[in-house]
Number of protein chains: 2
Amino acid sequence: MYEDRILKPELAELIITAQEAAMMFKDKMVVASSGFTKAGDSKAVLMALAERAHADPLKVTLMTGASLGQGTDGALVEAGALSLRLPFQVDPIMRRAINKGEVFFIDQHLGETANLLRANNFPKIDIAILEACLIEEDGSIVPTTSVGNSASFAALAEKIIIELNLSVPLSIKGVHDIFSTGEYPNRREIPITKANTKVGSSVIAINPDKIAGIVITQKTDSPAEIEAPDASTKAIANHLIRFFNQEVAKGNLTKSLLPLQAGIGKVANAVLTGFVHSDFEDLTMYSEVLQDSTFDLLDSGKLLFASGSSITVSQAYYDKIFSNFDAYKDKVMLRPQDISNAAEVIRRLGIIAINTALECDIYGNVNSTHVSGTHMMNGIGGSGDFARNSYLSIFVTTSAAKGDKISCIVPMVSHVDHCEHDVDIIVTEQGLADLRGLAPRQRAQVIIDRCVHPEYRQELQSYFDRASKERGGQTPHLLEEAFSWHVSLRENGSMKKAPI
Amino acid sequence: MYEDRILKPELAELIITAQEAAMMFKDKMVVASSGFTKAGDSKAVLMALAERAHADPLKVTLMTGASLGQGTDGALVEAGALSLRLPFQVDPIMRRAINKGEVFFIDQHLGETANLLRANNFPKIDIAILEACLIEEDGSIVPTTSVGNSASFAALAEKIIIELNLSVPLSIKGVHDIFSTGEYPNRREIPITKANTKVGSSVIAINPDKIAGIVITQKTDSPAEIEAPDASTKAIANHLIRFFNQEVAKGNLTKSLLPLQAGIGKVANAVLTGFVHSDFEDLTMYSEVLQDSTFDLLDSGKLLFASGSSITVSQAYYDKIFSNFDAYKDKVMLRPQDISNAAEVIRRLGIIAINTALECDIYGNVNSTHVSGTHMMNGIGGSGDFARNSYLSIFVTTSAAKGDKISCIVPMVSHVDHCEHDVDIIVTEQGLADLRGLAPRQRAQVIIDRCVHPEYRQELQSYFDRASKERGGQTPHLLEEAFSWHVSLRENGSMKKAPI
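This is a predicted model, so every value here is computed, not measured. (Residues numbered from 1 in each chain as written. Chains lettered and ligands numbered in written order. Predicted model: local features only at pLDDT ≥ 70, side-chain atom pairs only at ≥ 80, totals over all residues. Heavy atoms only, no water.)

### What about the overall build of chain A?
Helix and strand content of chain A: 16 helices and 27 strands. Over its C-alpha trace chain A gives a radius of gyration of 23 Å, about what one expects of a compact globule, namely 23 Å for 500 residues. Taking the principal axes of the C-alpha coordinates as reference, chain A spans close to 75 × 50 × 45 Å. Sorting the 500 residues of chain A into buried and exposed places 66% on the buried side. In chain A, once contacts between residues fewer than 6 apart in sequence are set aside, the share between residues at least 24 apart is 73%. For chain A, the computed accessible surface area is about 16,400 Å², with 51% contributed by carbon and sulfur atoms. One way to put it: in chain A the 48 positive side-chain charges average out to a point 4 Å from where the 61 negative ones average out. (Helix = DSSP H or I, 4+ residues; strand = E, 2+ residues; numbered from the N terminus. Rg over C-alpha atoms; globule rule 2.2 N^0.38 Å. Buried < 20%, exposed > 50% of the residue type's maximum accessible area, 1.4 Å probe, protein only. Contact = heavy atoms within 4.5 Å. Areas by Shrake-Rupley, 256 points an atom, 1.4 Å probe, with all protein chains shown as cover. Lys, Arg positive; Asp, Glu negative; His and termini not counted. Charge placed at Lys NZ, Arg CZ, Asp CG, Glu CD.)

### What about the domain arrangement of chain A?
Residues and elements named next belong to chain A. Here chain A is partitioned into domain 1 (2-217) and domain 2 (231-492). Computed over C-alpha atoms only, the centres of domain 1 and domain 2 are separated by 29 Å. If you look at the interface, domain 1 gives 48 residues, while domain 2 gives 46 residues. Both faces considered, domain 1 and domain 2 share a buried interface measuring about 3,600 Å² in area, 59% of it formed by carbon and sulfur atoms. Of all residues in domain 1, His109, Val175 and Ala195 bury the most surface against domain 2, accounting for 18% of the area lost on that side. At the surface where domain 1 touches domain 2, the tally comes to one salt bridge. (Domains from an automatic or database assignment. Buried area = accessible area lost by both parts, 1.4 Å probe. Salt bridge = Lys/Arg side-chain N within 4 Å of Asp/Glu carboxyl O.)

### A short note on the relation of the copies chain A and chain B
By a simple turn and slide, chain A fits onto chain B: the slide is 0.0 Å along the axis, the RMSD is 0.0 Å, and the turn is 180°. Overall, the copies show the geometry of a two-fold rotation axis. Identified as the residue of chain A closest to the rotation axis by C-alpha distance is Glu344(A), at 2.1 Å. The share of interface residues of chain A whose copies in chain B are also at the interface is 100%, consistent with both copies meeting through the same surface. (Least-squares fit on C-alpha atoms with pLDDT ≥ 70 in both.)

### Comments concerning the sheet that holds strand S10 (residues 211-217) of chain A
Residue and element names in this part refer to chain A. Strand order in the open sheet made by the eight strands is S1-S10-S9-S6-S2-S3-S4-S5, with parallel pairing throughout. Sheet topology places strand S1 (15-16) and strand S5 (104-105) at the edges, where each strand pairs with a single neighbour. Note that strand S3 (residues 60-63) and strand S4 (residues 82-86) share four bridges and pair parallel. The partner of Val60 across the bridge, within S4, is Leu82. In the packing of helix H2 (residues 45-55) onto the sheet, the strands contacted are strand S2 (30-33), S3, strand S6 (127-132), strand S9 (159-165) and S10, and the crossing angle to S9 comes to about 115°. (Pairing = 2+ DSSP bridges. Axes fitted to C-alpha atoms, helices over the stretch in contact; angles between N-to-C directions.)

### What to know about the interface of chain A and chain B
With 77 residues of chain A at the interface, the matching set in chain B holds 77 residues. When the two sides are added together, the surface that chain A and chain B hide from each other amounts to roughly 6,300 Å², 52% of it contributed by carbon and sulfur. Summed over the three residues of chain A that lose the most area to chain B, namely His421(A), Gln474(A) and Leu479(A), the buried surface amounts to 11% of that side. Counting across the chain A and chain B interface gives six salt bridges. Here Asp422(B) and Arg388(A) are joined by a salt bridge, their closest N and O atoms 2.3 Å apart. Scanning the region where chain A abuts chain B turns up 40 residue pairs in polar contact (both at pLDDT 80 or more). Looking at the side of chain A that touches chain B, the elements that each hand over two or more residues are helix H4 (92-100), S5, helix H12 (343-349), strand S21 (375-376), helix H13 (383-389), helix H14 (440-451) and helix H16 (484-492) of chain A. In terms of residue count, the dominant contributor to the side of chain A that touches chain B is H12(A) (five residues). When its residues are assigned to classes, the side of chain A that touches chain B shows 29 nonpolar, 30 polar and 18 charged. (Polar contact = N/O pair within 3.5 Å; in protein donor to acceptor, adjacent residues only side chain to side chain. Nonpolar A, V, L, I, M, F, W, Y, C, P; charged D, E, K, R; others polar.)

### Digging into the pairing of S6(A)
Residue and element names in this part refer to chain A. The element S6 is extensively covered by neighbouring structure, given that six of its six residues are classed as buried. Across three bridges, S2 lies against S6 in parallel orientation. Directly across from Ser33, in S6, lies its bridge partner Ile129. Taken together, the six bridges between S6 and S9 define a ladder with parallel strand orientation. Paired with Glu131 across the strands is Glu163, a residue of S9.

### Some thoughts on the sheet that holds strand S18 (residues 359-361) of chain A
Two orientations exist for strands paired in a sheet by backbone hydrogen bonds: parallel and antiparallel. Residues and elements named next belong to chain A. The strand order across the open sheet formed by three strands is S19-S18-S25, and the pairing between neighbours is mixed. Edge positions in the sheet fall to strand S19 (366-367) and strand S25 (409-410), since each of these pairs with one other strand and no more. Taken together, the two bridges between S18 and S19 define a ladder with antiparallel strand orientation. What sits directly across from Cys360, in S19, is Val366.

### Details of the UniProt feature "domain: Acetyl-CoA hydrolase/transferase N-terminal" (unreviewed entry) in chain A
As recorded in UniProt, the feature "domain: Acetyl-CoA hydrolase/transferase N-terminal" (unreviewed entry) lies at residues 10-215 of chain A. With 22% helix and 19% strand, residues 10-215 of chain A has its two end C-alpha atoms placed 15 Å apart. (UniProt positions renumbered as here; feature names shortened; annotations may be inferred.)

### Observations regarding the packing of aromatic side chains
Scanning the model with the defined rule gives 21 aromatic pairs over all chains in all. Taking 6.4 Å as the distance between ring centres and 75° as the angle between the ring planes, the aromatic pair formed by Tyr363(A) and Phe464(A) counts as edge-to-face. Of this pair, Tyr363(A) sits in the loop between S18 and S19 while Phe464(A) is found in helix H15 (residues 454-470), placing the two residues 101 residues apart along the sequence. Here the aromatic rings of Phe244(B) and Phe280(B) are separated by 6.4 Å at their centres, their planes lie at 90°, and the arrangement is edge-to-face. Within this pair, whereas Phe244(B) is found in helix H7 (residues 231-250), its partner Phe280(B) is found in the loop between helix H8 (266-276) and strand S12 (283-286), the two being separated by 36 residues in sequence. Residue Phe244(B) is classed as buried on the basis of its relative accessible area of 0%. (Phe/Tyr/Trp six-rings, centres within 6.5 Å; stacked < 30°, edge-to-face > 60°.)

### Observations regarding helix H15 (residues 454-470) of chain B
Residues and elements named next belong to chain B. Helix length check: H15 (17 residues) gives 25 Å between terminal C-alpha atoms against 24 Å at 1.5 Å per residue, within 8%. Buried residues of H15: Tyr456, Leu460, Gln461, Tyr463, Phe464, Ala467 and Ser468, and no others. One side of H15 carries all its buried residues, which in axial view fall inside an arc of 160°. More than 90 degrees from the buried face of H15, the exposed residues found are Gln458, Lys469 and Glu470. Looking at the buried residues of H15, the elements they touch are strand S24 (406-407), strand S25 (409-410), helix H14 (440-451) and helix H16 (484-492). One or two steps after H15, the chain reaches Gly472, where phi turns positive at roughly 70°. (Expected span 1.5 Å × (residues − 1). Arc of directions from axis to C-beta.)

### Describing the packing of helix H9 (residues 292-300) of chain A against helix H10 (residues 315-323) of chain A
All names here are of chain A. Contact pair H9 / H10: the axes reach a minimum separation of 10 Å and the direction vectors enclose 45°. Here H10 runs oblique to H9, going by the angle between their axes. In this structure, the crossing between H9 and H10 has a hand that is left-handed. Touching Asp292, Phe295, Asp296 and Asp299 of H9 are Tyr317, Lys320 and Ile321, all from H10. (Parallel < 35°, antiparallel > 145°, perpendicular 65-115°, else oblique. Left-handed = near helix turned anticlockwise from the far one by under 90°.)

Structure representation (structure tokens):
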């Protein structure tokens, strides 16, 4: 059943069960796993490790590409199997453990984990678990629906366990582009000059001597859960489409814009969907995650090509795409996340980066990660890699949340992931604030005028006016009052000023 | 007297006085000037513009490479001639005007201004003033002690005024490396793979039709003011040298380390000086500003090569270097600041970046710019360009300032320029905190243990402990108390807790 998937026949001797693989791990090991935004993750071995840890306790460091699917992180946490996790997660059980301080979490730019490892700035990887759909004659592997950090893990790990996933069609071979800049001090350029430049190999090289086991599985990726656009997200999408039309009219951009990047989530999804019925054409994408909306745009003919690090789609789209993958193969490419998110390429191509903010402040600083400045939501992901180096750095959010009890535009963000230097445009359903070429006090007024929910606008204007008058400075603030909205939320359940 | 400096003789017809040049400017113009950290700036024309504005008011936008010398910014402010300034300044008169809101200031990553202009994200430049020491036969110019943004200004400005500076020896020709990645959407790689890779031209190309005037000057650069190392800065340097020795011993680095970048200031200067008597050898530098200490290191034989965007030295060093520039010419190179500070090159080469913090917080966020969160000091400069993309991002500061009334390690920084994702190491005279591979709560304890001034350690530990216990989260904070040290400083003149 798997003979056509292991082209180096003697490797078949290494086939073991997930339970046997789980016994290879020891306490305090550094474990790496494939997987980027639920796609191409370890499904069998990590789950077996969680089961084992219940009976036979151990704690490991676990690093991945990005989030895992299948409740894997939650199962590992419940088994007490994790001491440290990086660089991203979305699991509710893990989130709770992180915020209780029970599991340490390094929230990291997704483009940087591979660099950290290659710079010897992190302990060595003991075992890497890599999902593949094919093992080549030389031991190298064809990854599945993501590349993530797998190529770096394969190069750097002491031992490798391959999860050979028979459910992924072999037609996916050829969609991956595996490239490395090499090692310090002799690193080379990443010669990508267009979204579709192929610069590397279709397989991940593996030293066969490092393969400690092969686990056969047929578990499919966890499907993405897509929320349908609502009035707010449609309004945000419309503001952005109008803005892009204006930029084309001014001659700043052509109708094919510049390569797009869009974060995950319903707002970014709504924006991409908005392009389907627009006048733009010959669009390209150089992003992290190829979502349902990416394939809608490809199907519409508006989008010519999409480069990313994973295909993370809903079940219906998965079935559609992989039942006829040859139709998409020359239109999509999956790269290592240190390449999809490389500062070098993002700046060179001139990416238009669209990411979601948890909250923004009047000067345009953005919090993407920490609820009320303390509690981790998911992680910064790739938003920083793109925002800092993009042609246009756009952040989207609804103006208010939780029945308007929370204003998403606040006097001062309670945690800074993206500083004002790296935020060009903020969009809420209220409007779009174009901050390019503005000094902080000018930025504040534009954000207050365009983006703030009406229920909070007067209060925010009052804060800014009083800060400007009473304190002054480049970015006027009243430090003793800067977090008063967050404090009010904690104490009264709402940022709204109590009626007098 | 200037015939050997204008090799296209008909251009001599364009020679005008600085006063005549000043009359070319109109209200609301966007003006660009050469100059990076006091070196190679417009000395004659901008000063004449300030004089003119007293009699004949106008307000312009002024962008440069980085800071100007000669009190130029102050003179322009006093003449009311500036509406907007970017991307950096160090002038006390300008600083006051910025903080009063009288002059708008865009504090910008120094590597990004050229990209902003090339992306059409900023109004077009009407007139650029470029200091040169030679005009070639085709109208192109040889810059002087800095490159800054001059090559981009020359390409993008409507008109150009050349300040031909006769005081700069012609032997400087050949030290510049002018390269551009081209225009969107066809930008190319920056093929620098070593600190000394030369990739461009020794001159800045200029369309002679754009030259509106040539002003002859002999004004010299404002000399850098270097503070001698004191006990604190020497202690910081020693901590760092010890750390590098340990990294070599561990096999993470060789004795030639990786290319160094060092910010301006006495701490960075002390660190570089510390290398002179160290065991390191064959060092290289890929930095912004080549300072006195850079030339000490070159003279000592420890440093093989230094790439930067300016030579900014004290008068004695200026005299020494330029009386015998041929001795240094194959050891230094000056590049455009979008190349010296390019994310692409910084990451590829694996820079060790050493920059100064104004304050750090317990999680390793860094404020480089804003006193008490509101008042601009100088600007972020290139610190962000380097910190984000470096192999090692190091920030140095004394643990306390102003007679210890200010702790430079605080519960929460009042302004974030560098978020915790981008800070690997913090050093004060108390010690060195190695934050690599640590989660935020772990980072906090290391910073408190190693870096905090003893007078503030107990209070900071108390804050962290109470925040962890009472609020929890990935980065525990008590938002209502997070800025209490800053508020106390404002109200009581000290961050120290009042004795009970």
